[in-house]
Each structure stands twice: as structure tokens, then as C-alpha cells.
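# Descriptive analysis of the structure
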Amino acid sequence: MYVPAHFAVRDAAPLQALIAENAFGLLVSGGMEDMVASHVPFLYEPGHGPHGRLVCHLAAANGQAAALDGRPVLCIFQGVHGYVSPNWYAKKPAVPTWNYAAVHAYGRATVTRDPARLRDIVERLTAIYEGADGWKLSDEPESFAAGLLRGIVGVEIPVERLEGKFKLSQNRPAADVTGVIANLRRLGGDANIALAEAMQQAAEDAAARRSQD
């Protein structure tokens, strides 16, 4: 990922937080001529290794699963993002751009077909999205659950490297940042408001760092 210095995030904490909050990611593997990707929800386990571990499952029939064990992979996570009009800047001339936050996690995959481990992955994922009173695998007949688990494989990825890019107008004058935030809030909608709040936090964090220098 191309990461200019003013958009780079060196601290692991916000990168890990983005993964946890945007856990539906992209699992990419293979060489340049036969790259393959799957869109999957991940579990992020921060306590495993220096950068944590990512866990997901794939359909056993997914061709990616057959060639994944022991291979290097890239997992991509997308946070807030949105269009930025040059009309929102005080400084001209200017061009349109797109602000966004993204994290790339690199590691080497291990595939598991152990039924107990697969059950744990499914139960933990569904607990996150169903809540305490929602659907549980244990609610289903054991024969159904066993068949389901035979149809998937688990993937465990100890994260060897995290790379983050939070492009939030840090390269623009303060007046431009203020203008973008104001216009995003004017437009409204969850995505625009979330981006405005991320930009505001980035601006405040930068100001705090400058005051400590």
C-alpha cells in the first residue's frame, strides 16, 4: 500500500481498533498471475503474538482454501471513507480526492479442519453478530451442526506486519480541514458523519502532539 508519511499510522492500537470495528475484510492469497480473494468476517485476537491473530472460516469447496495452508496472505480492512470536493477547500487551486482509513495485515495462513476449533470459530462469530439472545449453533440438531462443520475450514493467521493508512486531510491547511469536516456534516448520513468525526479526532491528535514538542 502506498503510504505517504503524513498519512502513515505507526501506533498499532488504532490499527487494531479499526480491524476490530470493521471485521468484514478481504483475504487475499496467491501469486501475481493467480491471485484469489474471499470476503469474510474475521475474529481478531490481539493477545496472540506481537500483532495479534486473525481467524476466519471458508467454505471447504472454496478453491482458495485448498492452496492456503502455509502460504503468505494479505488481509485488508476498510474503515471510514468518503469523497472530498475541492469546493470545500479554502486554498485553491485544488482537485477532488477520497479520504479513507485502511489497514493491511500480513501473515502466513494455517488451515484447520479440527471440528472443535471450527465450532469455536462459528460460535464466537455468531455471538458477536447475534448477541446473547440470538441464534446459536447449539440450538440446531447435532447432526446438522456436524454437517455444517464438515463443509468449512478454519483459517488462522498470526499477523506478522500491520500497515495502516489514515488519509484524513493531514496534508491540507487547517482551514481546509475545517471546511471538509463542516461540509461532511452538512451532507449528513452515517458514512459522512463518521468520516467527519475521524478527521476531527485526527486534527485534535495532531494539535496535541504539536503542543508537546
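The paragraphs below set out a description of the structure included in this document. Note that the structure is a prediction, hence the values are computed from the model and not measured.

## Observations concerning the overall build of the protein
Check the secondary structure of the protein and you find six helices and eight strands. The secondary structure elements of the protein, listed N-terminal to C-terminal, are α-β-β-β-β-α-β-β-β-α-α-β-α-α. Viewed in the frame of its principal axes, the protein has a C-alpha envelope of about 65 × 40 × 35 Å. Scored against the burial criterion, the 213 residues of the protein give a buried share of 42%. Put simply, 72% of the contacts in the protein that link residues at least 6 apart link residues at least 24 apart. Looking at the protein as shown, the accessible area adds up to about 11,600 Å², and 55% of this sits on carbon and sulfur atoms. In the protein, 20 positive and 23 negative side-chain charges are present, and the distance between their average locations comes to 9 Å.

## Concerning the side chain of serine 29
Along the chain, the position of serine 29 falls in strand S1 (residues 24-29). Residue classification places serine 29 among the buried residues on the basis of a relative accessible area of 5%. Of note is the side chain of serine 29, whose polar atom sits 2.9 Å from the side chain of glutamine 64. Ignoring anything within four residues of it in the chain, the contact list for serine 29 reads Asp34, Met35, Val36, Gln64, Leu68, Pro72 and Val73.

## Observations regarding the packing of aromatic side chains
If you walk through the whole model with that rule in mind, you get two aromatic pairs. Pairing tyrosine 83 with tryptophan 98 gives two aromatic rings, centres 6.2 Å apart and planes at 65°, and the pair type is edge-to-face. Of this pair, tyrosine 83 sits in strand S5 (residues 72-84) while tryptophan 98 sits in strand S6 (residues 97-108), placing them 15 residues apart in sequence. Judged by relative accessible area, tyrosine 83 falls into the partly exposed class, the value being 39%. When its relative accessible area of 42% is taken as the criterion, tryptophan 98 is described as partly exposed. Note that arginine 161 overlies the ring of tyrosine 106, its terminal NZ or CZ placed 4.0 Å from the centroid. Directly above the aromatic system of tyrosine 89 lies the positively charged group of arginine 172, at a separation of 4.0 Å from the ring centroid.

Reading the values: rules and limits
- Residues numbered from 1 in each chain as written.
- Predicted model: local features only at pLDDT ≥ 70, side-chain atom pairs only at ≥ 80, totals over all residues.
- Heavy atoms only, no water.
- Helix = DSSP H or I, 4+ residues; strand = E, 2+ residues; numbered from the N terminus.
- Buried < 20%, exposed > 50% of the residue type's maximum accessible area, 1.4 Å probe, protein only.
- Contact = heavy atoms within 4.5 Å.
- Areas by Shrake-Rupley, 256 points an atom, 1.4 Å probe, with all protein chains shown as cover.
- Lys, Arg positive; Asp, Glu negative; His and termini not counted.
- Charge placed at Lys NZ, Arg CZ, Asp CG, Glu CD.
- Polar contact = N/O pair within 3.5 Å; in protein donor to acceptor, adjacent residues only side chain to side chain.
- Phe/Tyr/Trp six-rings, centres within 6.5 Å; stacked < 30°, edge-to-face > 60°.
- Lys NZ or Arg CZ within 6 Å of the ring centre and 35° of its normal.

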